[in-house]
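Per-entry structural report
The primary structure of each chain is shown beneath.
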Amino acid sequence: MGRITLDKVSKAFGDVEVIPPLDLTIEDGEFVVFVGPSGCGKSTLLRLIAGLEDVSGGEIRINGQDATQTPPAKRGLAMVFQSYALYPHMSVRKNIAFPMRMASMPKDEQDRRIEAAAKALNLTDYLDRRPGQLSGGQRQRVAIGRAIVREPDAFLFDEPLSNLDAALRVGMRLEISELHKRLTTTMVYVTHDQVEAMTMADKIVVLQAGRIEQVGSPMELYRTPRNVFVAGFIGSPKMNLLTGLEAEKHSATTIGIRPEHIAISSDSGTWKGTVGVSEHLGSDTFFHVTVEGFHDPLTVRASGEVALYYGDTIYLTPDLTHLHRFDAQGLRIA
Amino acid sequence: MATKHSRASARIMISPAVILLLGWMLIPLSMTLYFSFLRYNLLMPGMEEFTGLTNYKYFLTDPAFFAALTNTILLVCGVLLVTVIGGVFLALLLDQPFFGQGIVRILVIAPFFVMPTVSALVWKNMFMNPVNGLFAHLFKFFGLEPFDFLAQAPLASIIGIVSWQWLPFATLILLTAFQSLDQEQLEASEMDGAPWIKRFWFIMLPHLSRAITVVILIQTIFLLSVFAEILVTTNGGPGTASTNLTYLIYMQSLLQFDVGGGSAGGVVAIILANIVAIFLMRMIGKNLDA
Ligand SMILES: Nc1ncnc2c1ncn2[C@@H]1O[C@H](COP(=O)(O)OP(=O)(O)OP(=O)(O)O)[C@@H](O)[C@H]1O
Ligand SMILES: [Mg+2]
């Protein structure tokens, strides 16, 4: 069981309100990702849930019980830190055993859980090494192992992959997702990388300046962003956002169109533009197209390889069924 | 700095310094060695003669030698114990955020800047004096008999004075070590269910072990040769109750004008210091390896 409810939770450091009162429910077994730009309060929110920071107001309930004043160790949550926070003078085995040792668990039960965790995380060969003798990915796995053996109600991850290189990040991303499928334990995961959010989450919470901008499944957020911020934040490459005359044509203040919803033609279309930089990814090609009268270049996706080069003139047609419209407050117009 | 050529020139470049230091060390050392085999008394100049190991025999069989050896060990261990434990405690306190932190830190470090002679005199006359000292007044205030520290517990009093001088050093080094402790490790252990005392024992102390090693090594070197504090306060007495090896050698060679005997004592002290050094490096030096 791992159902976490935040009820009007707020946090201020001195006079600065980092998190205004906020409501959120994390269901049992869910993989929830907090995503948002740097400094928006993701870590703070996670630390409030963990109990490493005191709330300034509101109530945190875990499995229906008020845990606002409960010390971190008693909340039944395990946390994986960005810096791994392994104990450098202890072997991997001792690191993993530490929470069980603190709970005075019988030795044979400890050993059993360590073996199981080591096997699941491919750490069996490294159990007697010190953290300093491991690679970044292995350290990350030890940190996860230390969390797993406690069999917590929920895991909390604070940007666990941001110290790893790109290839390893993709690998660990899959491993964590797999772990979640296997354990079906609630996981709360903080990242500023929207690709991680999209690929891993059951539910994404988009934060900005401590406020929740939108909560929903990755596809919900992708298809129907509630406001301009979410529209611009979710999706890679970013959604093209247009203001001014072009938006007024659709009776909106801002309109958005994703790169894959723009058709390319060499002779006719709604907008006429010049090809700028193109990014070839093999399966897709992204063109940055400068259109007369538009402030920013448009990003356009073409499947596979397309024979278009720097300086070529092309015509673009947006797919109007996938057009996103936003009003003056930046909110979505249905 | 890795090619053969650059290594060779590096050697040439540092050789003047090395030769200077070597001479600095070797010349007094060999002179001491030489004197220690002579019958050499300043009261009878020009009568020096080679006596073999006689000086050593007299020094080592002198009952004062064993008293001094015990006192040296007690002094070193006592001060180490007080400064390491007190230093950890003070560093823990100073690491907490509180009002006036900057000033308090400077105050804590201040004793280190006071010369040993001065601080010993201050302790002797202002605190421990059985008639006028603050402690005496304190005892009288509570209706107790004033305690003559330097007469009745001379070694313990000196340990107290020397500890007071070295506590800032230990505190300072341990404080920086505390500050370099990764906060996330503490938070992780907190989440792992470790109460404060276990966090201290399993996370903080191991993190401090290297700093404690440094404190012990450096302090031992200086504490083996404590001298001014004894000279100013007890003069090694009563009897030999507060005489350490350094002070014994001083008495031998300068108060009894026996240069030969003093030199033999010096050589014995060097050998003992090296034994201690090897012992220490064996025991705790491995803490320094990364
Ligand atoms: N101890 C603190 N005292 C004062 N302000 C703080 C403290 N911790 C965080 N803040 C402020 O709270 C805000 C949110 O910080 P937080 O660490 O939660 O950001 P974040 O979303 O995790 O960012 P990042 O992606 O860079 O890790 C920031 O503006 C930060 O300056
Ligand atoms: Mg953060």
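Every value quoted in this text rests on a predicted model; they were computed, and no experiment measured them.

Focus: the sheet that holds strand β12 (residues 254–257) of chain A
Strand pairs in the sheet, formed through backbone hydrogen bonds, run parallel or antiparallel to each other. Residues and elements named next belong to chain A. Ordered in space as β11-β12-β18, the three strands form an open sheet in which the pairing is antiparallel. Of all strands in the sheet, those with a lone pairing partner are β11 (240–243) and β18 (324–326), marking the two edges. Sheet twist, expressed as the mean angle between neighbouring strand axes with direction ignored, is 20°. Two elements, β12 and β18, share three bridges in a ladder whose sense is antiparallel. The residue bridging Ile255 from the neighbouring strand is Arg325, located in β18.

Topic: the interface of chain A and chain B
Listed by partner, the interface residues are 22 residues for chain A and 15 residues for chain B. Taken over both partners, the interface formed by chain A and chain B buries close to 1700 Å², and the fraction arising from carbon and sulfur atoms is 61%. When the area that chain A buries against chain B is broken down by residue, the three leading residues are A:Tyr87, A:His89 and A:Met102, summing to 30%. Seen at the junction of chain A and chain B, the total is three salt bridges. Across the pair B:Glu187 and A:Arg47 runs a salt bridge, and its minimum N-O distance is 2.7 Å. It is helix α2 (residues 92–102) of chain A that contributes the most residues to the side of chain A that touches chain B, four residues altogether. Looking at side-chain class alone, the side of chain A that touches chain B contains 15 nonpolar, three polar and four charged residues.

Points about the environment of A:Gly244
Relative to the elements of secondary structure, A:Gly244 occurs in the loop between β11 and α9 (245–248). Separated by 50 residues in sequence, A:Gly244 and A:Phe294 place their C-alpha atoms 9.0 Å apart.

Things to note about the nonpolar core
By size, the foremost hydrophobic cluster in this structure holds 89 residues, and its most contacted members are A:Ile4, A:Leu6 and A:Phe34. The element best represented in this core is helix α3 (residues 63–95) of chain B, accounting for twelve residues. Residues in contact with A:Leu6, not counting those within four places in the same chain, are A:Leu22, A:Asp23, A:Leu24, A:Leu45, A:Ile49, A:Glu59 and A:Ile60. Core analysis: the second largest hydrophobic core is formed by 44 residues, A:Val35, A:Ala143, A:Leu164 and A:Ile176 among them.

Section: the domain arrangement of chain A
All names here are of chain A. In terms of domain boundaries, chain A breaks down into domain 1 (4–230) and domain 2 (238–326). Listed as interface residues are seven residues of domain 1 and, on the opposing side, seven residues of domain 2. Taking both sides of the interface into account, the surface hidden between domain 1 and domain 2 amounts to around 530 Å²; carbon and sulfur atoms contribute 62%. Contact with domain 2 buries surface across domain 1, with Tyr222, Pro225 and Val228 losing the most and accounting together for 83% of the total. Taken together, domain 1 and domain 2 are joined by zero salt bridges. Counting across the interface, domain 1 meets domain 2 through two residue pairs in polar contact (both at pLDDT 80 or more). The greatest single-element share of the side of domain 1 that touches domain 2, amounting to three residues, is contributed by helix α7 (residues 218–223). Across the side of domain 1 that touches domain 2, the residue classes tally to four nonpolar, one polar and two charged.

Section: the sheet that holds strand β5 (residues 65–66) of chain A
Residues and elements named next belong to chain A. Reading across the sheet, the four strands line up as β2-β1-β4-β5 and stay open at both edges, with antiparallel pairing between neighbours. The open sheet has two edge strands with one neighbour each: β2 (16–26) and β5. Across the sheet, helix α1 (residues 42–50) is in contact with β1 (4–13), β2 and β4 (57–62); its angle to β1 comes to roughly 120°.

Some points on the site of ligand 1
All names here are of chain A. Taken together, the neighbourhood of ligand 1 is formed by Phe13, Val18, Ser38, Gly39, Cys40, Gly41, Lys42, Ser43, Thr44 and Glu159. At a separation of 2.8 Å, an oxygen atom of ligand 1 approaches a polar backbone atom of Gly39. In the model, an oxygen atom of ligand 1 is placed 2.5 Å from a nitrogen or oxygen of the Thr44 side chain. Protein contacts shield 56% of the accessible area of ligand 1, which totals 630 Å² for the unbound molecule. No other element matches α1, which puts three residues into the shell around ligand 1. Partitioned by chemical class, the residues of the shell around ligand 1 number three nonpolar, five polar and two charged.

Topic: the packing of aromatic side chains
When we look at a pair of aromatic rings, we describe it by the centre distance and by the angle of the planes. Tallying each qualifying case throughout the model produces 28 aromatic pairs over all chains. Look at A:Phe31 and A:Tyr189: their rings are 5.7 Å apart centre to centre, the planes differ by 40°, and that puts the pair in the tilted class. Separated by 158 residues along the polypeptide, A:Phe31 in strand β3 (residues 31–35) and A:Tyr189 in strand β8 (residues 186–191) bring together distant segments of the chain. For the residue pair A:Phe31 and A:Tyr189, the accessibility class agrees, reading buried in each case. Ring plane angle 45° and centroid distance 5.7 Å describe the contact between B:Phe127 and B:Phe135, whose orientation is recorded as tilted. Three or more aromatic residues joined by ring pairs form one cluster here, namely B:Trp123, B:Phe127, B:Phe135, B:Phe139, B:Phe149 and B:Trp164. Note that A:Arg146 overlies the ring of A:Tyr87, its terminal NZ or CZ placed 4.5 Å from the centroid. Over the face of the ring belonging to A:Tyr222 we find A:Arg258, whose NZ or CZ atom lies 3.8 Å from the ring centre.

Some details on the pattern of salt bridges
All names here are of chain A. Within the structure shown, the criterion is met by 20 salt bridges over all chains. Here Glu109 and Arg113 are joined by a salt bridge, their closest N and O atoms 2.9 Å apart. In this pair, Glu109 and Arg113 are both assigned in helix α3 (residues 107–120), four residues apart and thus about one turn of the helix distant. For Glu109, a relative accessible area of 23% translates into the label partly exposed. A single salt-bridge network, built from bridges that share partners, covers Asp7, Lys8, Glu59 and Arg61.

Some words on the UniProt feature "domain: ABC transporter" (unreviewed entry) in chain A
When the UniProt feature table is mapped onto this chain, "domain: ABC transporter" (unreviewed entry) is found at residues 4–234 of chain A. End C-alpha atoms of residues 4–234 of chain A are separated by 25 Å, and the span's content is 36% helix alongside 26% strand.

Conventions and cut-offs
- Residues numbered from 1 in each chain as written.
- Chains lettered and ligands numbered in written order.
- Predicted model: local features only at pLDDT ≥ 70, side-chain atom pairs only at ≥ 80, totals over all residues.
- Heavy atoms only, no water.
- Pairing = 2+ DSSP bridges.
- Helix = DSSP H or I, 4+ residues; strand = E, 2+ residues; numbered from the N terminus.
- Axes fitted to C-alpha atoms, helices over the stretch in contact; angles between N-to-C directions.
- Contact = heavy atoms within 4.5 Å.
- Buried area = accessible area lost by both parts, 1.4 Å probe.
- Salt bridge = Lys/Arg side-chain N within 4 Å of Asp/Glu carboxyl O.
- Nonpolar A, V, L, I, M, F, W, Y, C, P; charged D, E, K, R; others polar.
- Core = buried A, V, L, I, M, F, W, Y, C linked by side-chain atoms within 4.5 Å.
- Buried < 20%, exposed > 50% of the residue type's maximum accessible area, 1.4 Å probe, protein only.
- Domains from an automatic or database assignment.
- Polar contact = N/O pair within 3.5 Å; in protein donor to acceptor, adjacent residues only side chain to side chain.
- Near = heavy atom within 4 Å.
- Areas by Shrake-Rupley, 256 points an atom, 1.4 Å probe, with all protein chains shown as cover.
- Phe/Tyr/Trp six-rings, centres within 6.5 Å; stacked < 30°, edge-to-face > 60°.
- Lys NZ or Arg CZ within 6 Å of the ring centre and 35° of its normal.
- UniProt positions renumbered as here; feature names shortened; annotations may be inferred.

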